[in-house]
Amino acid sequence: MSKTFGILLFPDAEELDFVGPWEVFTSFGKYFDQEWQSVLVSQTGEPVRANKGMLFTPDFAFDNCPPLDVLLIPGGQGTRVEENNEPLLDFVRRVGEKAAWMTSVCTGAFILRRAGFLSGRRATTHWAMMNELRKDPQITVVEQRFVHDGNVITAAGVSAGIDMALYLVGLLSSPDVARNVQKFIEYYPEPPYAVEPIAAGKDNV
């Protein structure tokens, strides 16, 4: 029986939030464990334009999506609308009833919160939105690259989703397999410029 990574798409989702994990998940499924497949899901199944302008064609709509073992929710400007989108929240809740893992990247954490998956948990989000997430007294906000609490894993901003996806592959298979996926995609971050930490609280993601 196949197992499925599902990535939720919506208008103005941040591209790298889901394209990075997609690369990890599909590399894992294609080259290391063919029991796993990856699919893109949107509310209607129609093409979705992401935050930087890329157009993506989903595999499924909410009403014909197969069971998902993992759901990944990206962030981006679109979360401002989608965290109040009841059909989307209902879909996330339905998936979460049976999925083994619920995950988010960046401000996707706010959709997980609205769907009820972060109450009583530790979580993280993009540095600019941590203070906003801290307004919910039911969530312990942690400044880490990703945070694992129960069957929920939240990642910090944008590129942190790659780290989270590799960590999840290590849980689903083994750390050695995750290392091999990392090697295959040549993910060895060596940024050319040092960056000082930036204070949280600027609402731009």
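What counts, and where the lines are drawn
- Residues numbered from 1 in each chain as written.
- Predicted model: local features only at pLDDT ≥ 70, side-chain atom pairs only at ≥ 80, totals over all residues.
- Heavy atoms only, no water.
- Helix = DSSP H or I, 4+ residues; strand = E, 2+ residues; numbered from the N terminus.
- pLDDT = per-residue confidence, 0-100.
- Buried < 20%, exposed > 50% of the residue type's maximum accessible area, 1.4 Å probe, protein only.
- Arc of directions from axis to C-beta.
- Contact = heavy atoms within 4.5 Å.

> Let's hear about unusual backbone geometry: which residues, and what values?
A negative phi angle characterises most non-glycine residues, just as the trans form characterises most peptide bonds. Phi is positive for Cys106, which is not a glycine, with a value near 60°. Along the polypeptide, Cys106 turns up in the loop between strand S7 (101-105) and helix H4 (108-114). The phi angle at Val158 is positive, at roughly 50°, despite the residue not being glycine. Checked against the element boundaries, Val158 lands in the loop between strand S11 (152-155) and helix H6 (160-172).

> So, the confidence of the model for the protein chain: which residues are in play, and what are the values?
Mean pLDDT over the protein chain stands at 96; residues scoring 70 or higher make up 96%. When pLDDT is averaged over each element of the protein chain, strand S6 (residues 70-73) comes out on top at 99 and helix H5 (residues 130-133) at the bottom at 97.

> With reference to specific residues and values, describe helix H7 (residues 175-184).
Burial in H7 covers these residues: Val177, Ala178 and Val181. All buried residues of H7 fall inside an arc of 100° around its axis, so they share one side. Seen from the buried face of H7, the exposed residues on the opposite side, beyond 90 degrees, are Pro175, Asp176, Arg179 and Lys183. Where the residues of H7 are buried, they touch helix H1 (15-31) and H6. With its phi angle positive at about 50°, Glu186 sits one or two positions after the end of H7.

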